[in-house]
Every structure is written in structure tokens, then in C-alpha cells.
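Take a look at the letters that make up each chain.
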Amino acid sequence: EFALNDDWVHTEIARHWADTGEFRMIPFAGPTFYLPIIYGAALIKLFGFSFTILRLSTLAFSLATIIVFYFFLNKISDRPKLAFLGTLALWLNPIFYNLSFTFMTDIPALFFIIVSVYLYYTGFENKNKLWLFGAGLLAVAGFFIRQTNILVLGAAGILALTQTKNIPFKSILWIFGVPLLAWAGIYYFLFSRDLLPLAGADHLIFDPTKLLKHSIWWLWYAVPYLGLATAPLFAGWAAKNIDELKKPKYSITIFFALVSTIIIYFSTKQYFPYIPNIVNTTGLGPMNSILNGETSLLFSKKIWLALSLIFATGGAWTIINFFTAIKPESQTETQSNDKILFSFCSILAVIFLLPILFLESFDRYFLPIFSFVLIILILRLKNQKFSTLSAGAVLLVYAFFSLTQTAFYMNWNRVRWELTATAMNRGIETFQLDAGYEWNGWHSYWSARNSGLSAGTITSPWWIRALFVNNTEDYIVASSPIRPYSVIASETVPGFNPNNRLYLLKKPD
């Protein structure tokens with residue numbers, strides 16, 4: 001029973017609505033997450049409040065997502081083993097797996113994206129207007145989980161106007177126009193009643209110089225993160241097509257990616273994970289920058305650098321497959337449908353990348369792009385030699401990492417909240433205890449906001465200075481002892497990770 005990452009925001013809104021009947025949007029909120037709030041409040045009404053029941057709802061979406069994704073990949077490849085491996089590449093991806101255990105919006109949003117893309121593909125394949133219309137409605141529904149879901153509707157519109165035939169323009173108008181009108185109507189309803197999240201634009205970068213620098217760096221970051229997503233498929237392909245890597249389009253691109261990785265490491269000391277949020281140097285899930293104290297690397301810098309090179313290689317291979325279009329001379333119906341799907345997923349990948357380039361972003365924002373790229377690769381690999389054994393070996397490594405580190409992350413948070421109970425038993429108030437970003441948010445967001453106080457001291461962590469300004473930091477839960485605080489309790493965190501001890505500290509009198 002504890003909050004994880006940003007899900008304290010979503011959970012607080014749902015619980016308050018269920019308990020009081022008042023829909024109170026936290027000003028700190030960014031996503032348009034009305035659907036999770038609705039079904040979250042319904043679950044609380046039915047079963048009573050618990051973080052667990054809300055996380056189970058996300059696990060249900062995870063299960064539904066991988067089932068739909070498997071049937072999608074099997075439909076386009078007609079190779080069940082390949083489709084199964086592609087599905088495991090999504091499910092066991094550390095970002096997907098870790099987010100499945102939170103009440104965050106990423107997994108439910110991805111479910112709506114994949115189902116909408118599946119329906120659009122089926123509609124374009126069969127020239128079925130109702131399938132296309134239904135896909136548009138799902139894209140609109142997905143917007144009210146995360147804003148970027150509406151981009152699926154835009155990408156499908158581009159495809160309908162440029163890539164498909166035998167769909168009359170009048171039909172396109174209502175197929176896309178009605179969902180857009182529904183989206184605009186609901187959005188205006190929320191806007192007119194001041195129910196929109198206030199922090200939706202907080203991550204936008206307005207300074208042109210900073211934006212240019214940010215965009216260039218994030219274009220680079222996309223390469224190793226694509227490698228993370230596609231490494232199992234790359235291993236399966238490379239084991240059977242090693243001679244292909246000698247071709248200039250592969251060898252030159254991979255060489256450039258490796259050299260760039262090495263130059264960036266020695267000049268800036270950056271290595272994978274370049275943008276830690278879910279995948280961190282400490283494991284999985286945010287443990288740095290949300291709690292006081294020092295943490296240890298899960299792996300040595302040399303291992304992280306080796307992983308940087310591996311993922312850069314896989315990312316370069318993925319990009320080559322992305323930019324090598326399906327040849328237009330292919331005329332069979334299946335090949336024509338493959339070309340449409342390839343174009344659709346390519347448009348989607350580019351469109352979903354654009355917001356990342358304009359926002360202060362997180363690694364989890366790449367998750368939809370991972371799914372589009374996996375679809376593209378399955379289209380590529382279905383007619384090629386492929387080693388199930390090699391892909392399976394990489395997936396076993398992913399499974400071990402994702403399962404053990406997500407389990408540790410859950411235990412780490414459980415112990416953190418147990419230490420706060422020890423502190424609260426001493427009779428202290430919540431504003432006297434800093435137990436990190438999530439605990440403070442859950443227990444004291446509104447009291448801090450209504451306190452009228454200014455930010456904490458210059459040495460206070462960012463969450464105190466920015467959000468929980470009334471916190472006195474008399475007691476803190478930390479990853480390590482901190483001077484001049486004294487240790488009054490500590491607990492061991494079960495699991496495979498060097499950061500396996502947390503401390504309750506008291507400020508000197």
C-alpha cells in the first residue's frame with residue numbers, strides 16, 4: 001500500500017472524488033487522465049480504497065495489451081513463434097514491465113493506441129468504414145488518458161489521404177470528422193468548467209536555443225532506446241544473417257552509432273540509461289532524485305558503457321529497417337497491405353517522436369514508439385531467417401532484469417513507507433517528515449499548497465522547494481545516512497540490488 005512514481009496524483013483525484021463526490025483536479029497534474037480517474041473512482045466505490053486495486057487495473061490493461069499485440073503481430077506475419085517473441089519483446093521491456101505495476105497512464109494509453117492502430121489497419125485492409133470510424137473513437141477515448149493518443153487519429157488521416165485508395169473523400173470526412181467533433185465537444189466541456197489539468201504545458205521548452213540543443217540530444221537518445229526495445233529481435237536476426245551486417249547500409253550506420261556513443265561517453269561522461277526515469281543506473285523505477293541520500297550503481301560504469309554500445313548497435317539496425325521502405329513494385333494484396341501498415345507505423349513513429357523533442361521528457365515517453373517499431377520489424381522479419389534461440393536468450397536476460405528489479409523497486413517503496421510508520425508512531429505531523437516525492441505528495445500536497453509558505457532552504461531537495469514547501473524536514477527517510485542527521489531506525493530491502501537499506505533520520509535538536 002504505497003504510491004509509485006506519479007501515480008499519487010491520479011490516485012488522490014480518484015479517491016477524493018469517490019469519497020466526497022467532488023471532482024478536484026490537482027494543479028500539478030499534466031495528462032488528460034479522465035478515464036483512469038473514472039474507472040479508478042468506480043473501483044474505489046466498489047471495493048474500498050487501496051493502491052493495490054488500482055494497480056491491478058493497470059495489470060489488466062497490460063494483459064489485454066500483450067494479448068491484442070500478439071494477435072496483431074500474428075495476423076501480419078503468419079509466424080506464431082515470431083509474433084510470440086515480438087510480444088515478449090514488448091512485455092518484458094523494462095519500461096513496459098515496471099509501469100504495469102503502477103496506476104500511471106502509460107499502459108492504459110498504450111492499450112488504446114495498439115487497439116486503435118489494429119482497427120485502422122483492419123479497416124484500411126478491408127475498406128471497412130465502420131472499423132475506421134471505431135478506431136477513431138478509440139483514439140479520441142485514448143486522448144482522455146494521455147493527450148498524445150489523438151496523434152493516432154492524425155496519422156490515420158494522413159494515411160487515408162495519401163496512401164490508400166477506394167475510400168471516397170466524403171467518407172473520409174465523416175470517418176474522421178465525427179471523432180474530431182466528439183473530441184472537441186468533450187474538451188470544450190472540460191475547458192468551460194475549469195476541469196483541464198493546469199500543468200499540461202509545463203514541460204514545453206520555449207527558449208529556441210535550449211529547444212534546439214534538447215531536440216538534437218533526444219534524437220540521439222532515441223537510438224539506444226530503440227536498441228533497448230528491439231535487442232531480442234536484432235539478436236534473432238543477426239544470428240542467421242551475420243553476412244548482411246557487412247553491407248554498407250548496416251556497417252556504416254552501426255559504426256557511426258558506436259563512435260558517437262564512445263565520443264559522448266568520453267566528452268560528457270554520459271552512458272545508458274541517458275535519461276533515467278524508469279530504467280536507472282540503480283535499477284528499475286525512480287529511486288534517484290525522489291529521495292534523499294546517496295545510491296549505488298546497479299552495474300559498474302564499464303557494464304553500462306557496454307550496454308550503451310550494444311543498444312546503439314541495435315538502434316542503428318532498427319533505423320536502417322525503418323528507413324528502408326517496402327518496395328512499391330510488390331503488387332500482391334498481402335504486400336500492398338504490408339506497405340500500408342509500414343507507412344502507417346512509420347508516420348506514427350515520427351509523429352509520436354515530435355512531442356518528445358519539444359518537451360522535457362522521460363524514457364517512458366518512448367513506449368508507443370517501441371510498439372510501432374516492433375510492428376515494422378515483424379513485417380521485415382517474417383520472410384527472413386530468424387533464430388528463435390538467440391532471441392529467446394536475450395528475452396531471458398530481459399525477464400530476469402525486469403522481474404527482479406521491479407520486485408526490488410516494490411520492496412524498496414514498501415520499506416520506505418514502513419519507516420514512515422515508525423516515524424508517525426512518534427507523534428510527529430506529516431509536514432515534519434520528508435519521505436520523498438511520492439510520500440510527501442500523497443500525505444501533504446494540499447496542506448503544502450494551502451500553507452501560503454515559500455520554498456524550503458537552498459539545501460532542500462527539489463520536491464520540497466517546488467511542491468511541499470511547508471515541510472520542516474525534521475525527520476527524513478533516506479537512502480543513506482546524512483550529516484548532521486542521526487539514524488534512529490533502518491531496514492533492509494529484500495531483493496537483488498546494492499541499494500538494499502533505507503534509513504529514518506532525525507534532525508539534531
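See the structure above.
Please read all numbers here as calculations on a predicted model, not as lab measurements. (Residues numbered from 1 in each chain as written. Predicted model: local features only at pLDDT ≥ 70, side-chain atom pairs only at ≥ 80, totals over all residues. Heavy atoms only, no water.)

(A) Highlighting the overall build of the protein chain. A tally of regular secondary structure across the protein chain gives 17 helices and six strands. For 509 residues, the compact-globule formula gives about 23 Å, and the C-alpha radius of gyration of the protein chain, at 24 Å, lands near that figure. If you line up the protein chain on its principal axes, its C-alpha atoms span 80 × 55 × 45 Å. Counting every position in the protein chain, which comprises 509 residues, the buried fraction comes to 58%. Total accessible area on the protein chain is roughly 21900 Å²; 65% of this is exposed by carbon and sulfur atoms. In the protein chain, the 37 positive side-chain charges and the 28 negative ones have mean positions that sit 9 Å from each other. (Helix = DSSP H or I, 4+ residues; strand = E, 2+ residues; numbered from the N terminus. Rg over C-alpha atoms; globule rule 2.2 N^0.38 Å. Buried < 20%, exposed > 50% of the residue type's maximum accessible area, 1.4 Å probe, protein only. Areas by Shrake-Rupley, 256 points an atom, 1.4 Å probe, with all protein chains shown as cover. Lys, Arg positive; Asp, Glu negative; His and termini not counted. Charge placed at Lys NZ, Arg CZ, Asp CG, Glu CD.)

(B) The arrangement of the nonpolar core in detail. If you look at the biggest cluster of nonpolar residues, it comprises 174 residues, and the most contacted ones within it are Y120 and F366. Core analysis: the second largest hydrophobic core is formed by five residues, A478, Y485, Y503 and L505 among them. (Core = buried A, V, L, I, M, F, W, Y, C linked by side-chain atoms within 4.5 Å.)

(C) Here's a closer look at the sheet that holds strand 3 (residues 433-434). One open sheet holds the four strands; their spatial order is 3-4-6-5, and the pairing between them is mixed. Both edges of this open sheet fall to strand 3 and strand 5 (486-492), since each of them pairs with a single strand only. Taken strand by strand, helix 15 (residues 388-424) contacts strand 3, strand 4 (475-478), strand 5 and strand 6 (501-506), and its axis lies near 25 degrees from that of strand 6. (Pairing = 2+ DSSP bridges. Contact = heavy atoms within 4.5 Å. Axes fitted to C-alpha atoms, helices over the stretch in contact; angles between N-to-C directions.)

(D) Representation of helix 4 (residues 80-91) in the model. In this model, helix 4 (twelve residues) spans 16 Å end to end at C-alpha, consistent with the 16 Å of a helix rising 1.5 Å per residue. Every buried residue belonging to helix 4 is among L82, A83, L85, G86, T87, L88, A89 and L90, and all of these are buried. Those residues of helix 4 that are buried are in contact with helix 3 (51-77), helix 5 (94-99), helix 6 (106-126), helix 10 (208-240), helix 14 (367-381) and helix 15. (Expected span 1.5 Å × (residues − 1).)

(E) Structural context of the layout of surface pockets. What the largest pocket holds in volume is close to 1200 Å³. Around the largest pocket, the lining comprises 47 residues; the ones closest to its centre are H203, E360, F362, R364 and Y365. Breaking the lining of the largest pocket down by element, the ones donating at least two residues are helix 1 (7-20), helix 6, helix 13 (333-358), helix 14 and helix 16 (437-449). (1 Å grid on protein atoms, 1.4 Å probe; cavity = no way out; pocket = protein on both sides within 12 Å on 5 of 7 lines; lining within 4 Å. Points joined across faces, edges and corners; volume = space filled by probe spheres on them.)

(F) Representation of unusual backbone geometry within the structure. Look at the link from F272 to P273: it is a cis peptide, with omega at 0 degrees. Of note, P273 is situated in the loop between helix 11 (248-268) and strand 1 (279-280). With an omega dihedral of 5 degrees, the bond running from R483 to P484 counts as a cis peptide bond. For P484, the location among the structural elements is in the loop between strand 4 and strand 5. If you check the backbone angles, K269 has positive phi at about 65 degrees while not being a glycine.

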